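# Observations on chain architecture
The primary structure of each chain is shown beneath.
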Amino acid sequence: MTAPSSDKQAADEQRVLDSVPNGLLIDGRWRPAASGRTVRVEDPATGESLIEVADGAAADALDALDAAHRAQPGWAATPPRERGEILRRAFEALTANAGDLALLMTLEMGKPVAESRAEITYAAEFFRWYSEEAVRIAGDYRVAPAGGSRLLVTRQPVGPCLFITPWNFPMAMGTRKIGPAVAAGCTMVLKPATLTPLSSLALAQILIDAGLPDGVLNVVTTSAAGGTTGPLIADPRLRKLSFTGSTEVGKRLIGAAAEQVLRVSMELGGNAPFLVFADADLDQAVEGAMLAKMRNGGEACTSANRFYVQRQVADDFANRLAQRMGSLRMGRGTEEGVTVGPLIDDDQRAKVAHLVDDAKAKGARVLCGGGAPSGPGYFFEPTVLSEVPDDAELLREEIFGPVAPIVAFDTEENAVDAANATEYGLVAYAYTTDLDRAVRVAEGIKAGMVGLNQGVVSNPAAPFGGVKQSGFGREGGREGIEEYLDVKYIAIKAGF
Ligand code: NAP
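In what follows, the accompanying structure is described. All values reported here derive from a predicted model rather than from experimental measurement.

## Considerations on the overall build of the protein
Counting its regular elements, the protein contains 15 helices and 20 strands. Here the C-alpha radius of gyration of the protein, 23 Å, is about what a compact globule of 496 residues would show, namely 23 Å. C-alpha extents for the protein along the principal axes are approximately 70 × 65 × 40 Å. Taking all 496 residues of the protein together, 57% fall into the buried category. Of the contacts formed within the protein by residues at least 6 apart in sequence, a portion of 73% connects residues at least 24 apart. Of the roughly 19,100 Å² that the protein leaves accessible, carbon and sulfur atoms contribute 51%.

Below, the structure written as C-alpha cells:
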C-alpha cells in the first residue's frame, strides 16, 4: 500500500505532478502567494508529500476579486455562443486528458484510478451540458392583465461569484459550479479544498487553454480558508456564494453572506437512508447498495449512511452485502485491481473508527471489516454492521467511510419514519418492485433526491441538491443555471 509499484508508474506520477501549475491564478496569470508561502499536498495512501502549492491569503483573494470584478462587464456582454464554445472545448480537453487527470486525482485524493476516471467523465459532462444551456437562457414577453403595459422578463448574470469546494470530488464539485457560471456570464473566484487543490489547478489551466478570458476564473489555494474568503464575502462587489461542504461550515457561511445579502447556494452534508422492502429484487438491491455505499469509498454526500431492511430479508441482505464488501481489495488507488482506496486523512479515519466502535459497544454485530489495518496511509476496512441499535451515533452522523450499518424494520410506515428521522435531506434510496409503494415512499421521504431501484442519482442533466440541513439551490440540469441568473422585469408602457 505504499510506494508506486514500478519505475514506469513512478515516472508517470512525477510527470502528471510536474504538469500542474502550483501558483494562484489571478487575472489570467499564475503567480506565487504575495507572502511567498506554500502549503503541502500529500498522498493519503502513504502520508508522503506530493507537491507544494501557493498558500494564498486575504490580500491574494482580494486581488482575485478585483480581477473578477473588472472582467465581469465584458464577460456578461460576450455572446452566449462564445461562452458555450469555451465550455465545449474544455469538455473535449477534459475528455482527451482523462487518463492523466484521473491519475492526478488519485494521487491527491486516494480513490482508485477507475473511479477518478469516472469522476472526470462526470465532471466534464457538466461542461458539455452547460455549453448547450448557454444559448438557451430564456426570457418572455407578457401582456399586463389590465392592458396598457407590456411586461418584459429577462435574465442577467448575477455577477462575481465565490466558489468554495470540498476534497471528496476534487474536479466535479468545481465543474458543476464553473460550468453554469461560465454559461450565464458570471466571473468567479474558486477556493478549492486544501487537501486536494491539484485537480482544480489542472482544470483552470484547461479553461485558459480553451480560451476563457483573463479574470473570468481566478483560483486561490490557501491553508486559511476562513481568513482568506471572509473579506471576499464581506465585499459588496461579490454577488454570489456557492459552497459545497459540511453543514457546520455552511451554516457559518450563510450567516456571513447575510451581511451583503448575497445569492447563496449550499450543497451540504447528508445522511442518506437506503430502504430495502421484502418485495425488492435482492440481487439488484445488493448491487445498488454497493454503488450507493462504496462510490468514492463512502466519502460522498450521497453515500448510503443507514440501511433499513424489512425484517424477512434483513439477514439475507446483510450476509450478501458483507460477502461483497469483504471481497473488495484495499490499496493505493494507482495499483491495478484495487477497489477501495484510503480515507482522506487521519482525522477522517479516527472519526470512522469512533463511529464503528460506538456501534459495536452498543451491540451491533460485525459481519466484515470493523477496523483500520496497520501500515502507512489512512485505510479503513470495508465494514458491514448488522443489528445496529437505534442509539448508535452512526445512524445520526454522516459516516463518510466504507461502513454499512443495517437496521431491520417491520412496516413501510416504520421505514419512512426512520428515513426521515434526521436533520439532513439530501438523497434517499428505496428498493421495491411494488409501484404503488415506490411512489408513496418517494413522495413521503423528505429529501431533494430519491433513487428508486437505483444506487446512483448524480447526473449532470438533473437538479442535484438537498432540503432541510442538506442545503438549498440546485446544481446540474436546467435548474443549475438559474442559480447564476437574476430575473429582471422591464415594464414597457404601451400606448397603442
Ligand atoms: P468542509 O470542512 O466544510 O470544507 C469544505 C470547504 O470549505 C473546503 O474548501 C474548506 O477549506 C472550506 N472551509 C472550511 N472552513 C471554512 C470557513 N470557515 N470559511 C470558508 N471556507 C471554509 O467539508 P469537507 O470535509 O471538505 O467535505 C465534506 C463535506 O462536504 C461532507 O459533509 C459532505 O457531505 C459535503 N459534500 C456535500 C456535497 C453536496 O453536493 N451536498 C457534495 C460533496 C460533499 P479547507 O480545505 O481549507 O478546510
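Now that the structure has been shown, we can carry on.
## A closer look at the sheet that holds strand β6 (residues 149-157)
The strand order β5-β6-β20 describes an open sheet built from 3 strands, whose pairing is antiparallel. At either margin of the open sheet sits one strand with a lone partner, and together these are β5 (140-143) and β20 (485-493). The mean inter-strand angle of the sheet, taken between neighbouring strand axes irrespective of direction, is 25°.

## Thoughts on the site of the ligand
In the vicinity of the ligand, 30 residues are found, and the nearest of them are Thr165, Arg176, Thr194, Ser246 and Glu398. Within the side chain of Lys191, an N or O atom sits 3.1 Å from an oxygen atom of the ligand. Between the ligand and Thr194, the relevant distance is 2.4 Å, taken from an oxygen atom to a side-chain nitrogen or oxygen of the residue. When the free accessible area of the ligand is taken as 900 Å², the share hidden by the protein chains comes to 85%. Sorting the residues of the shell around the ligand by element identifies α6 (172-184), α8 (225-233), β10 (240-244) and α9 (247-258) as the ones contributing at least two each.

## Structural notes on the packing of helix α13 (residues 412-420) against helix α14 (residues 435-444)
Interaxial distance between α13 and α14 falls to 10 Å at its minimum, and their mutual angle equals 25°. One way to sum up the angle between α13 and α14 is to call them roughly parallel. Crossing geometry of α13 relative to α14 is assigned as right-handed. Seen from α13, the contacting residues are Glu412, Val416 and Asn420; seen from α14, they are Arg437, Arg440, Val441 and Gly444.

## Comments concerning the nonpolar core
Core analysis: the biggest nonpolar cluster contains 99 residues, and Ile178, Phe274 and Phe317 have the highest contact counts within it. Residues lining this core come from more than one domain, with at least three contributed by each of domain 1 (7-268 + 471-488) and domain 2 (272-459). Excluding residues that lie within four positions of it along the chain, Phe317 makes contacts with Phe274, Val276, Leu282, Ala285, Val286, Ala289, Phe307, Val309 and Ile406. Counting 27 residues, the second largest nonpolar core, distinct from the first, contains Leu275, Leu355, Val403 and Ala415.

## Here we look at the packing of helix α2 (residues 58-77) against α8
Direction vectors running N to C along α2 and α8 enclose 40°, while the axes themselves pass 8 Å from each other. Here α8 runs oblique to α2, going by the angle between their axes. Where α2 crosses over α8, the two elements pack in a sense that is right-handed. Between α2, through Ala58, Ala61, Leu62 and Leu65, and α8, the contact on the second element is made entirely by Gly227, Thr228, Pro231 and Leu232. Looking at the contact of α2 with α8 residue by residue, the classes come out as 6 nonpolar, 2 polar and no charged.

## Things to note about the side chain of Ser199
When you line up the elements, Ser199 lands in helix α7 (residues 198-209). A relative accessible area of 1% means that Ser199 is categorised as buried. Here the side chain of Ser199 touches Glu108 through a polar contact of 2.6 Å, side chain to side chain. With residues near it in sequence (within four places) discarded, Ser199 still touches Leu104, Met105, Glu108, Pro170 and Met171.

## Description of the pattern of salt bridges
This model, assessed by the stated rule, comprises 36 salt bridges. One salt bridge in this structure joins Lys8 and Asp12, with 2.8 Å as the shortest N-O distance. A residue pair is termed a helical-turn pair when its members lie 3 or 4 positions apart in one helix, as Lys8 and Asp12 do in helix α1 (residues 7-18) at 4 residues. The exposure class of Lys8 is exposed, given its relative accessible area of 58%.

## Considerations on the sheet that holds strand β12 (residues 272-276)
Judged by pairing direction, the sheet is mixed, and its 7 strands sit side by side in the order β14-β15-β16-β13-β12-β17-β18 without closing on themselves. Where the open sheet ends on each side, the last strands, each with one partner, are β14 (365-368) and β18 (449-452). Taking the axes of each pair of neighbouring strands and ignoring which way they run, one obtains an average angle of 25° across the sheet. Note: strand β17 (residues 427-431) against β18, 4 bridges, orientation parallel. The residue of β18 that forms the bridge with Ala430 is Leu452.

## A look at helix α12 (residues 346-361)
With 16 residues, α12 extends 22 Å between its outermost C-alpha atoms, agreeing within 8% with the 22 Å of an ideal straight helix rising 1.5 Å per residue. Residues of α12 that are buried include every one of Gln348, Arg349, Val352, Leu355, Val356, Asp358 and Ala359, and no others. Considering only its buried residues, α12 is in contact with β15 (383-386) and β16 (403-409). Sitting at the amino-terminal end of α12 is Asp345, which places a side-chain oxygen 3.3 Å from the backbone nitrogen of Asp347. Of the residues flanking the end of α12, it is Gly363, one or two places downstream, whose phi is positive at about 115°.

## Observations regarding α13
Of the positions making up α13, those classed as buried are Glu412, Ala415, Val416, Ala419 and Asn420. Down the axis of α13, the buried side of the element spans an arc of 125°, and every buried residue falls inside it. Tucked into the core, α13 has its buried residues touching β12, β13 (304-310), β16 and α14.

Reading guide: rules and limits
Residues numbered from 1 in each chain as written. Predicted model: local features only at pLDDT ≥ 70, side-chain atom pairs only at ≥ 80, totals over all residues. Heavy atoms only, no water. Helix = DSSP H or I, 4+ residues; strand = E, 2+ residues; numbered from the N terminus. Rg over C-alpha atoms; globule rule 2.2 N^0.38 Å. Buried < 20%, exposed > 50% of the residue type's maximum accessible area, 1.4 Å probe, protein only. Contact = heavy atoms within 4.5 Å. Areas by Shrake-Rupley, 256 points an atom, 1.4 Å probe, with all protein chains shown as cover. Pairing = 2+ DSSP bridges. Axes fitted to C-alpha atoms, helices over the stretch in contact; angles between N-to-C directions. Near = heavy atom within 4 Å. Polar contact = N/O pair within 3.5 Å; in protein donor to acceptor, adjacent residues only side chain to side chain. Parallel < 35°, antiparallel > 145°, perpendicular 65-115°, else oblique. Left-handed = near helix turned anticlockwise from the far one by under 90°. Core = buried A, V, L, I, M, F, W, Y, C linked by side-chain atoms within 4.5 Å. Domains from an automatic or database assignment. Nonpolar A, V, L, I, M, F, W, Y, C, P; charged D, E, K, R; others polar. Salt bridge = Lys/Arg side-chain N within 4 Å of Asp/Glu carboxyl O. Expected span 1.5 Å × (residues − 1). Arc of directions from axis to C-beta.

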